[in-house]
Amino acid sequence: QSQLNELQKDHEVLQVTLTKRQKELETSESQRLQLTQDVERLRQELELGAHVTSSKQYQNLANQMQQMQSQNHDYRLAVQHLQRDSDLALILQRETVVKVEGGEAAERAWRRAESRLQEAEQRNNKLRQERDQAKAEAATAVGDASKDKNSSGRKAAAAEETEQLIELVKKESSILKIELDRLRAGV
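Remember, predicted model here, so these are calculated numbers, not experimental data.

The rules behind each value
Residues numbered from 1 in each chain as written. Predicted model: local features only at pLDDT ≥ 70, side-chain atom pairs only at ≥ 80, totals over all residues. Heavy atoms only, no water. Helix = DSSP H or I, 4+ residues; strand = E, 2+ residues; numbered from the N terminus. Buried < 20%, exposed > 50% of the residue type's maximum accessible area, 1.4 Å probe, protein only. Contact = heavy atoms within 4.5 Å. Areas by Shrake-Rupley, 256 points an atom, 1.4 Å probe, with all protein chains shown as cover. Core = buried A, V, L, I, M, F, W, Y, C linked by side-chain atoms within 4.5 Å. Salt bridge = Lys/Arg side-chain N within 4 Å of Asp/Glu carboxyl O. Patch = residues over 30% accessible without salt bridge, like charges linked within 9 Å, V, L, I, M, F, W, Y side chains within 5 Å. Lys, Arg positive; Asp, Glu negative; His and termini not counted. Charge placed at Lys NZ, Arg CZ, Asp CG, Glu CD. pLDDT = per-residue confidence, 0-100.

K.L.:
Would you explain the overall build of the protein in this entry?
P.N.:
The helix and strand inventory of the protein stands at 3 helices and 0 strands. When the elements of the protein are put in sequence order from the N terminus, they spell out α-α-α. Each of the 187 residues in the protein was classed as buried or not, and the buried ones make up 22%. Across the protein, the fraction of contacts at a sequence separation of at least 24, relative to all contacts at a separation of at least 6, is 81%. When the accessible surface of the protein is totalled, it reaches about 13,800 Å², and 50% of it is carbon and sulfur.

Here it is in structure tokens:
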């Protein structure tokens, strides 16, 4: 986030500098045009024979025009460089925003996976407790049935019910174990 803020500040500074350079370029351009007009005026006067092209005024204006053209060229290059830097800063800013958003999405996915893993572990623990309780109840039922010799039918029914409960708990436990393993591998 701080890198994004820094890029935004850099972008604003570059924009201000770019604006200044453009104003300087415009000023330089208007001065160049004025000098060009002055040189043209002097040329016309020279054609009329009023002045000689080797006069000091003409030479000074020609030199000033040359300098202004050179400055104008330099300003154009500076504006181009600043525009490129501004574009690069904007690209970096966009990349940073994308990275920040991607990191936040990954963090949310991680939290969801952690939550699902905890829920699956809690269900697995609950099923283990139910299995242990079913085994204890089955052992109690078998012990009670063996004490009561007249109820061999109840003994067989209790044993069958116990076996069904144990199978059901084993099945659910194996499903949860598979889900836990899958979640752990994904996290």
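K.L.:
When you look at the nonpolar core in this model, what are you seeing that I'm missing?
P.N.:
Soluble globular proteins tend to pack their nonpolar side chains together in the buried interior. Judged by nonpolar contacts, L35, V39, L42, L46, Y58, L61, M65 and M68 together constitute the single largest core of 8 residues. For this core, the secondary structure elements donating two or more residues are α1 (2-47) and α2 (56-147). Beyond its immediate sequence surroundings of up to four residues, M68 is in contact with S28, Q31, R32 and L35.

K.L.:
Explanation requested: the pattern of salt bridges in the structure shown.
P.N.:
Any two side chains of opposite charge can pair, so long as their charged atoms come close to each other. In total, this model carries 4 salt bridges according to the counting rule given. One salt bridge connects R76 with E29, and the closest N-O pair in it is separated by 3.5 Å. With R76 in helix α2 and E29 in helix α1, this residue pair connects regions lying 47 residues apart in the sequence. One salt bridge connects R84 with D85, and the closest N-O pair in it is separated by 3.4 Å. Judged by its relative accessible area of 45%, R84 falls in the partly exposed class. Given a relative accessible area of 29%, D85 falls into the partly exposed group. Within this structure, E29, R32 and R76 form a network of salt bridges that share partners.

K.L.:
What am I meant to see in a positive patch on the surface here?
P.N.:
A grouping of R108, R112, R116 and R182 is seen on the molecular surface, where their side chains present a positively charged patch. If you tally residues by element for the positive patch, the top one is α2, at 3 residues. Mapped onto the fold, R108 is located in helix α2.

K.L.:
Looking at this structure, how should I read the side chain of H11?
P.N.:
As for its placement among the helices and strands, H11 is situated in helix α1. If near-sequence neighbours (up to four positions away) are discounted, H11 is found in contact with S86, A89 and L90.

K.L.:
What am I meant to see in the confidence of the model for the protein here?
P.N.:
Predicted coordinates in regions of low pLDDT should not be interpreted in detail. Per-residue pLDDT for the protein averages 79, and the proportion of residues at 70 or more is 84%. Looking at the elements of the protein, mean pLDDT is at its lowest for helix α3 (residues 152-186), recorded as 73, and at its highest for α1, recorded as 88.

K.L.:
When you look at the environment of R123 in this model, what are you seeing that I'm missing?
P.N.:
Mapped onto the fold, R123 is located in helix α2. On the basis of relative accessible area, R123 is assigned to the partly exposed category, the value being 39%. C-alpha separation for the pair R123 and L180, spaced 57 residues apart in sequence, amounts to 10.0 Å.

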